[in-house]
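Next come the chains, spelled out residue by residue.
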Amino acid sequence: EDGRYYLSVQLYDRAIQRTPSQDYYYLFLGRALMGRASTAADSAERVQWFEKSYQALDKARMLNPLNTDHYANLGRLSRNWADVAATEEERAQKLQQSHDFYVKATDLSPHNVQLLNEWSMVYMARGDNDGALQKINQSLELDPKFYSTHLLLGNFYASQGKLDEAAAAYQKAVELNPEDAEAYSTLGYLYFEQGNITDALKYNLKAVELNPQLARAHSTLGLIY
């Protein structure tokens, strides 16, 4: 996997050398560098890749400041960077930076539900549950059939210990996307936590049917049996 990112970075660097005014080449380079960070051995190395990714993504933004993608990628990068911040002060600064980029991204694309969902995760990371729920509900108002939003809502409620609300959200998610094995497994585990063994078994068997290699579903089945 490291090799694929290394090759991607080399190719995008060559493309930039030939056409340095093309903002998308910097965007693709920044994404590749962000992906390379995910494979880093430790936090210090990850930060080095994040710094290079930021330089590329910010260059893309400067070349085309009206492109939503550039702000969205900078928002994602800053949110990921916050996870490996050395201090609470730095973490708060990166989350604020991420928040500001999502403000700009959604100003440019106010009906993009994926951006609203990602923005809600920044609120969650900051401990602002009311703000997170407001963004999720805003996303649902724009597109009530976007199943990822229901998964996100289920995760939100589960983190709050509101298992009935979480189950309802996950149930809606699998209704909208009946091929998502992980969603079935998550719902099944939630039912297991509630003591509903019948539905826990039903949904995890469905998860294994859809993806026989899904380790989490097999693990939950072990607990159920």
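Please read these numbers as outputs of a predicted model, since none were measured by experiment.

A.B. asks: Break down the overall build of the protein for me, with residues and values.
C.D. replies: Each helix and strand counted, the protein has 12 helices and zero strands in total. Order of helices (α) and strands (β) in the protein, N terminus to C terminus: α-α-α-α-α-α-α-α-α-α-α-α. Across its three principal directions, the C-alpha atoms of the protein cover 60 × 35 × 35 Å. Here the protein, with 225 residues, has 44% of them falling under the buried criterion. For the protein, the proportion of contacts with a sequence separation of at least 24, taken over those separated by at least 6, is 49%. In the structure as shown, the protein presents an accessible area of about 11,800 Å², 48% of it carried by carbon and sulfur atoms. Averaging the locations of the 22 positively and 29 negatively charged side chains of the protein gives two centres separated by 6 Å.

A.B. asks: Please set out helix α2 (residues 23-38) residue by residue, giving values where relevant.
C.D. replies: Between its first and last C-alpha, α2 extends 23 Å over 16 residues, near the 22 Å set by a 1.5 Å rise per residue. If you check which residues of α2 are buried, you get D23, Y26, L27, L29, G30, A32, L33, M34, G35, R36 and A37. By the N-cap criterion, in which a side-chain oxygen at the helix start approaches the backbone nitrogen of a residue two or three places on, α2 is capped by Q22, the distance to Y24 being 3.1 Å.

A.B. asks: Could you give an account of the pattern of salt bridges, naming the residues involved and the relevant values?
C.D. replies: Tallying each qualifying case throughout the model produces four salt bridges. Two residues, E45 and R36, come together in a salt bridge whose shortest N-O distance is 3.4 Å. E45 sits in the partly exposed class, given a relative accessible area of 21%. Judged by its relative accessible area of 14%, R36 is buried. Residue R61 is joined to D58 by a salt bridge in which the shortest nitrogen-to-oxygen separation is 2.7 Å. Pair noted here: R61 and D58 are both in helix α3 (residues 43-63), with a separation of three residues, about one helical turn.

A.B. asks: Outline the packing of helix α5 (residues 88-108) against helix α6 (residues 113-125), listing residues and values.
C.D. replies: Interaxial distance between α5 and α6 falls to 10 Å at its minimum, and their mutual angle equals 155 degrees. Between α5 and α6, the angle is such that the two are roughly antiparallel. Seen from above, α5 lies across α6 with left-handed handedness. Note on element contacts: α6 touches α5 through L115, L116, E118, W119, V122, Y123 and A125, opposite R91, L95, S98, H99, Y102, V103, A105 and T106.

A.B. asks: Could you give me a rundown of the nonpolar core, with the residues and numbers involved?
C.D. replies: Judged by nonpolar contacts, the single largest core of 60 residues is most densely connected at F50 and L187. Looking at this core, the element that brings in the most residues is α2, giving seven residues. Setting aside chain neighbours within four positions, we find L187 in contact with A167, Y170, Q171, V174 and Y203.

A.B. asks: Outline the environment of Q55, listing residues and values.
C.D. replies: Residue position: Q55 is located in helix α3. The class of Q55 is exposed, set by a relative accessible area of 56%. Sequence separation between Q55 and L142 is 87 residues, and the spatial gap between their C-alpha atoms is 33 Å.

A.B. asks: An account of helix α4 (residues 68-82) is requested, with residue identities and associated values reported.
C.D. replies: Spanning 15 residues, α4 covers 21 Å between terminal C-alpha atoms, matching the ideal 21 Å at 1.5 Å per step. Most of α4 is tucked away: 12 of the 15 residues are buried. Restricting attention to buried positions, one finds in α4 the residues T68, H70, Y71, A72, N73, L74, G75, L77, S78, R79, W81 and A82. Looking at the buried positions of α4, the neighbouring elements they touch are α2, α3, α5 and α6.

A.B. asks: Describe in detail the packing of aromatic side chains, supporting the description with residues and values.
C.D. replies: Tallying each qualifying case throughout the model produces eight aromatic pairs. Ring plane angle 40 degrees and centroid distance 6.0 Å describe the contact between W119 and Y123, whose orientation is recorded as tilted. Here W119 pairs with Y123, and both are found in helix α6, just four residues apart, close to one helical turn. Using a relative accessible area of 13% as the deciding quantity, one classes Y123 as buried. Measuring from ring centre to ring centre gives 5.7 Å for Y191 and Y203, while their planes differ by 25 degrees; the resulting arrangement is stacked. Taken as a pair, Y191 in helix α10 (residues 181-194) and Y203 in helix α11 (residues 197-210) lie far apart in primary sequence, 12 residues in all. Positioned above the aromatic ring of W81 is the side chain of K94, whose terminal nitrogen or guanidinium carbon lies 3.7 Å from the ring centre. Taking the ring centre of Y71 as reference, the NZ or CZ of K104 above it sits at 6.0 Å.

The rules behind each value
- Residues numbered from 1 in each chain as written.
- Predicted model: local features only at pLDDT ≥ 70, side-chain atom pairs only at ≥ 80, totals over all residues.
- Heavy atoms only, no water.
- Helix = DSSP H or I, 4+ residues; strand = E, 2+ residues; numbered from the N terminus.
- Buried < 20%, exposed > 50% of the residue type's maximum accessible area, 1.4 Å probe, protein only.
- Contact = heavy atoms within 4.5 Å.
- Areas by Shrake-Rupley, 256 points an atom, 1.4 Å probe, with all protein chains shown as cover.
- Lys, Arg positive; Asp, Glu negative; His and termini not counted.
- Charge placed at Lys NZ, Arg CZ, Asp CG, Glu CD.
- Expected span 1.5 Å × (residues − 1).
- Polar contact = N/O pair within 3.5 Å; in protein donor to acceptor, adjacent residues only side chain to side chain.
- Salt bridge = Lys/Arg side-chain N within 4 Å of Asp/Glu carboxyl O.
- Axes fitted to C-alpha atoms, helices over the stretch in contact; angles between N-to-C directions.
- Parallel < 35°, antiparallel > 145°, perpendicular 65-115°, else oblique.
- Left-handed = near helix turned anticlockwise from the far one by under 90°.
- Core = buried A, V, L, I, M, F, W, Y, C linked by side-chain atoms within 4.5 Å.
- Phe/Tyr/Trp six-rings, centres within 6.5 Å; stacked < 30°, edge-to-face > 60°.
- Lys NZ or Arg CZ within 6 Å of the ring centre and 35° of its normal.

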